[in-house]
Amino acid sequence: MSLKSVEDHWNRLKNASSTSFLKRNMTELIFKELKDKRTFFNGTLLDCIKGGCVNLDSGCGIYASDPEAYDVFSGIFFPVIKDYHKVGTVSHPNPDFGDIDNLGFGDLDPSGRYISSTRVRVGRSQAGFPFHPTAKLHDRVELESRAMEALQAFSGELEGTYYPLSEMSSTKQKELTEEHYLFLQENRFLGDAHVYDEWPVGRGIFYNPDKTFLVWVNEEDHFRFISMQQGSDLEAVYKRLVLALRSVEEKSSVKFAHHPQLGYLTYCPSNLGTTLRASVHINIPCLASQPYFHEFLEKHHLQVRGVNGVHTEMVGDVYDISNKRRLGMTEIQIVREMIVGVQAVLAEEQRLDGSLTKSDGVQFEGNIAA
């Protein structure tokens, strides 16, 4: 494929049958207005749309070359953001993680019949640093250095070890890969969007001994903070993540990039706002086999993925169910909405498998397709 200029890429996209959010929102007028603009880090429109033009089956189809790109190329980013996040205006409230000593929720599935594990993660970017398309070798090294400083400040159950990918043994890499903890250089969407440039320099993974708290450094985002554990104790998982974020902000030189309208800035516009994704691995064979399954999830603002992440297949009857909304709501609002959705999923699965009785005291909405 001999695509060189931004015009070459745009012509390929506009003449294709792509259903990406980039294709749906880019017009000839918008393209002409933006094609010659540059950010402080010399980011261009081509840096932002290259991945989506090469991979016509992209979902979003656009990434930010650097934090400033969201403003410099707002002519395309804001329409995509509105369309993807289903909002009329681009706005976001101040962060609010709630009172972590009085959250009002706990274990989502005390019986342990349905939920096998629970996870909450957020993406973060270092303020004033470029994203992958405009990052240089020294940027990646400096970012990793700042990350290591922040990670060394963790204490208690958050304390752990950082493993640079450039120094990781093949044995350790195989171990972490088989356990589905380590990110890999395998996603063509990210590859064509420059995420793997100069791999593996500046990348690494941090985790505590119990592997209930992990940090990815310089994968898609500068930082990916992940709190997780077996079972369904969402309170413990969420609280651990919030304490980790507060530790980084209070005890290190890392400053998270934040935008007054977009919230926390990330490489992909699909993760803007809170950037928070709270999920459960849940065994729901009855509901998943229903023709209204995806409609049911959509109604409750949930999304489904393969248990090994985006662009992965389902494993048996276990699904990764998480909140769909990230922009326009606070962190605690999103987590509570996810809880309501998961409770609805559990009630519907119990209704379908015959285990829900009046004595359970669980309310369900029935077959929404009826």
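These numbers were taken from a predicted model, which means no experiment stands behind them.

Asker: Before we go on, may I ask you to explain the overall build of the chain in this structure?
Answerer: Counting its regular elements, the chain contains 13 helices and 10 strands. With the C-alpha coordinates of the chain rotated into their principal frame, the extents come out at 65 × 50 × 40 Å. Counting over 370 residues, the chain shows a buried share of 55%. A fraction of 71% describes how many contacts in the chain between residues 6 or more apart in sequence connect residues 24 or more apart. Measuring between centres, the 39 positive side-chain charges of the chain sit 5 Å from its 50 negative side-chain charges.

Asker: Mind showing me how you'd approach the pairing of strand β1 (residues 115-124) here?
Answerer: Across a regular strand the side chains alternate sides, sitting on one face of the sheet and then on the other. A large share of β1 lies buried, amounting to eight of its 10 residues. Relative to strand β8 (residues 277-283), β1 is paired through six bridges, and the arrangement is antiparallel. Across the sheet, the residue bridging to Ser117 is His281, located in β8. Bridge analysis of β1 against strand β5 (residues 223-230) gives eight bridges, and the strand direction is antiparallel. Note on β5: the bridge partner recorded for Gly123 is Arg224.

Asker: Can you walk me through helix α13 (residues 331-353) in this structure?
Answerer: Turn by turn, an α-helix covers 3.6 residues, leaving residues three or four places apart pointing in a common direction. Compared with the 33 Å implied by 1.5 Å per residue over 23 residues, the 33 Å span of α13 between its first and last C-alpha is a close match. Following α13 by one or two positions, Gly354 adopts a phi angle in the positive range, close to 85 degrees.

Asker: Whenever I open this one, the pairing of strand β4 (residues 213-217) confuses me. Can you help?
Answerer: Among the five residues that make up β4, five are buried, leaving the element largely enclosed by the rest of the structure. Burial along β4 is two-sided: the residues Phe213, Val215 and Val217 and Leu214 and Trp216 are all buried. Bridge count for strand β3 (residues 204-207) against β4 is four bridges, and the pairing is antiparallel. The residue of β4 that forms the bridge with Gly204 is Val217. Hairpin remark: β3 followed by β4, antiparallel, with five residues in the connecting loop; positive phi at Lys211, about 55 degrees. As paired strands, β4 and β5 are joined by five bridges and run antiparallel to one another. By the bridge assignment for β5, Val217 is matched with Phe223. Counted between consecutive antiparallel strands, the loop separating β4 from β5 contains five residues, among which Asn218 sits at a positive phi close to 60 degrees.

Asker: Looking at this structure, I do not really get the packing of aromatic side chains. What am I missing?
Answerer: When we look at a pair of aromatic rings, we describe it by the centre distance and by the angle of the planes. Going through the model one piece at a time under the given rule, you end up with 19 aromatic pairs. Centre to centre, the rings of Phe206 and Phe213 are 6.2 Å apart; their planes meet at 75 degrees, and the pair counts as edge-to-face. Look at Phe213 and you get buried, because its relative accessible area is 0%. Taking 6.5 Å as the distance between ring centres and 85 degrees as the angle between the ring planes, the aromatic pair formed by Phe256 and Tyr264 counts as edge-to-face. The same class applies to Phe256 as to Tyr264, namely buried. In textbook terms, an aromatic cluster arises when at least three aromatic residues are bridged by ring pairs, as seen for Phe183, Tyr196, Trp199 and Trp216. Looking at Arg124, its charged tip hangs above the ring of Phe256, at a distance of 5.4 Å from the centre. Note that Arg124 overlies the ring of Tyr264, its terminal NZ or CZ placed 3.6 Å from the centroid.

Asker: Would you mind going over the nonpolar core with me for this structure?
Answerer: Judged by nonpolar contacts, the single largest core of 59 residues is most densely connected at Phe225, Tyr238, Ile282 and Ile321. Sort the elements by how many residues they give to this core and α13 lands first, with nine residues. Ignoring any residue separated from it by four or fewer positions in sequence, one finds Ile321 in contact with Ala278, Ser279, Val280, Ile282, Phe293, Leu297, Leu302, Gln303 and Val304. Of all hydrophobic cores here, the second largest spans 40 residues; its members include Leu34, Ile62, Ala69 and Tyr196.

Asker: Mind showing me how you'd approach the confidence of the model for the chain here?
Answerer: Do not read the predicted coordinates in detail wherever pLDDT is low. Chain-level pLDDT for the chain is 92 on average; 93% of the residues reach the 70-or-more range. Note on residues 358-370: pLDDT under 50 across the span, and 23 contacts to partners over four residues away in sequence or across chains.

Asker: Before we go on, may I ask you to explain unusual backbone geometry in this structure?
Answerer: Glycine aside, negative phi is the norm for most residues, and most peptide bonds take the trans geometry. Residue Pro200 follows Trp199 across a cis peptide bond; omega there is 0 degrees. One can find Pro200 in the loop between α9 (188-191) and β3. Of note, the phi angle at Asn42 is positive, near 70 degrees, even though the residue is not glycine. Looking at where Asn42 falls in the secondary structure, it is placed in the loop between α3 (28-34) and α4 (45-54). Judged by relative accessible area, which is 44%, Asn42 ranks as partly exposed.

Procedures and definitions
- Residues numbered from 1 in each chain as written.
- Predicted model: local features only at pLDDT ≥ 70, side-chain atom pairs only at ≥ 80, totals over all residues.
- Heavy atoms only, no water.
- Helix = DSSP H or I, 4+ residues; strand = E, 2+ residues; numbered from the N terminus.
- Buried < 20%, exposed > 50% of the residue type's maximum accessible area, 1.4 Å probe, protein only.
- Contact = heavy atoms within 4.5 Å.
- Lys, Arg positive; Asp, Glu negative; His and termini not counted.
- Charge placed at Lys NZ, Arg CZ, Asp CG, Glu CD.
- Pairing = 2+ DSSP bridges.
- Expected span 1.5 Å × (residues − 1).
- Phe/Tyr/Trp six-rings, centres within 6.5 Å; stacked < 30°, edge-to-face > 60°.
- Lys NZ or Arg CZ within 6 Å of the ring centre and 35° of its normal.
- Core = buried A, V, L, I, M, F, W, Y, C linked by side-chain atoms within 4.5 Å.
- pLDDT = per-residue confidence, 0-100.

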